[in-house]
Amino acid sequence: SPALRAMGDFGLVASSVCLITSTLTFLMGMFVILNTVTQVPLQWKSCDWFEATIPPRHDLQYLALFGVGPGMGCNPVWLSVFNFSPKVLFAFWVPVLLGNVGLSVQVHTANFAFISWVTPTNYCELAGLMLTTALFGNFGHCGRTGIILGGMSLLSCVLCVCAKLVGEGSVRMVQVGSRTQADVELEDRSFS
């Protein structure tokens, strides 16, 4: 029936928008990290072989925001980006992590073992992920790009809720690439 086919297409539209948004969120997060790393110089000449250096006094307040303080090596600014402080994780790495979780829904090679337990399997879970991505992974990161991606994530969330309301169960897989005639025939038989 045409109505049944339209509902199936709606789930596919929601999945496609989520895939695009997650991909862009991941790329934005990588841009933020790469842009930050290229502006953080590694000190060589000022470092001794086994001696930690203390940053100048005026840098301590900035570094303290990221959980880095005196005695953390001669490259404390580098450590302000690459450490396991929760402040740093939220400041730099959340867009990459949330984008990767969103990608792992559709791209199984992105589904690492440590995130497989949080990978959404239905549209309610995917709506929750996209809302989380908007609030914590997009807005507040990368200027206007983050705001636009936050809006896309909110749109993705609404589309996932609508997909669930029209009866979609498991998240529909987006097929990237060409479909064979057998795929089309199999899909036609499943809707009749």
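Structure's up top.
Nothing here was measured: the structure is a model prediction, and the numbers come from that model.

1. Concerning the packing of helix α5 (residues 123–138) against helix α6 (residues 143–165)
Working note: a packed helix pair is described by the angle between its axes plus the distance between those axes. The N-to-C vectors of α5 and α6 enclose an angle of 165°; their axes lie 8 Å apart at closest approach. For the element pair α5 / α6, the angle class is roughly antiparallel. Relative to α6, α5 is oriented so that their crossing is left-handed. In this structure, α5 contributes Tyr123, Cys124, Leu126, Ala127, Met130, Leu131, Thr133, Ala134 and Asn138 to the contact, and α6 contributes Gly146, Ile147, Leu149, Gly150, Ser153, Leu154, Ser156, Cys157, Cys160, Val161, Ala163 and Lys164. Counted by class, the contact of α5 with α6 contains 14 nonpolar, 6 polar and 1 charged residues.

2. Focus on a nonpolar patch on the surface
Among the surface-exposed residues, Phe90, Leu131, Leu135, Phe136 and Leu154 lie close enough to one another that they form a single nonpolar patch of about 470 Å² accessible area. With 3 residues, α5 is the single largest residue contributor to the nonpolar patch. Relative to the helices and strands, Phe136 is located in helix α5. What makes Phe136 partly exposed here is its relative accessible area of 46%.

3. Observations concerning the nonpolar core
Of all hydrophobic cores here, the largest spans 17 residues; its most connected members are Tyr123, Leu126 and Cys160. Of all the secondary structure elements, the ones that give two or more residues to this core are α1 (2–38), α4 (86–106), α5 and α6. Of all the elements, α5 adds the most residues to this core, at 5 residues. If you look at the next biggest cluster of nonpolar residues, it comprises 7 residues, including Val32, Val40, Val81 and Val88.

4. Section: the side chain of Thr25
Relative to the elements of secondary structure, Thr25 occurs in helix α1. Setting aside residues no more than four positions away along its own chain, Thr25 makes contact with Pro95, Gly99, Thr133, Gly137, Asn138, Leu149 and Ser153.

5. What to know about the environment of Gln175
Residue placement: Gln175 occurs in the loop between α6 and α7 (181–191). Along the backbone, Gln175 and Leu12 are 163 residues apart, and their C-alpha atoms lie at a distance of 9.4 Å.

6. Here's the deal with α5
Residues three or four positions apart in an α-helix share a direction because the helix packs 3.6 residues into each turn. Its maximal kink placed at Thr132, α5 deviates by approximately 25°. Of all the positions in α5, only Tyr123, Leu126, Ala127, Leu129, Met130, Thr133, Ala134, Gly137 and Asn138 are classed as buried. Between a side-chain oxygen at the N-terminus of α5 and the backbone nitrogen of Cys124 the separation is 3.0 Å; the capping residue is Asn122. Backbone geometry just after α5 places Gly140 at a positive phi near 90°.

What counts and what doesn't
Residues numbered from 1 in each chain as written. Predicted model: local features only at pLDDT ≥ 70, side-chain atom pairs only at ≥ 80, totals over all residues. Heavy atoms only, no water. Axes fitted to C-alpha atoms, helices over the stretch in contact; angles between N-to-C directions. Helix = DSSP H or I, 4+ residues; strand = E, 2+ residues; numbered from the N terminus. Parallel < 35°, antiparallel > 145°, perpendicular 65-115°, else oblique. Left-handed = near helix turned anticlockwise from the far one by under 90°. Contact = heavy atoms within 4.5 Å. Nonpolar A, V, L, I, M, F, W, Y, C, P; charged D, E, K, R; others polar. Patch = residues over 30% accessible without salt bridge, like charges linked within 9 Å, V, L, I, M, F, W, Y side chains within 5 Å. Areas by Shrake-Rupley, 256 points an atom, 1.4 Å probe, with all protein chains shown as cover. Salt bridge = Lys/Arg side-chain N within 4 Å of Asp/Glu carboxyl O. Buried < 20%, exposed > 50% of the residue type's maximum accessible area, 1.4 Å probe, protein only. Core = buried A, V, L, I, M, F, W, Y, C linked by side-chain atoms within 4.5 Å. Bend = angle between axes of the 7 residues up to and from the residue. Polar contact = N/O pair within 3.5 Å; in protein donor to acceptor, adjacent residues only side chain to side chain.

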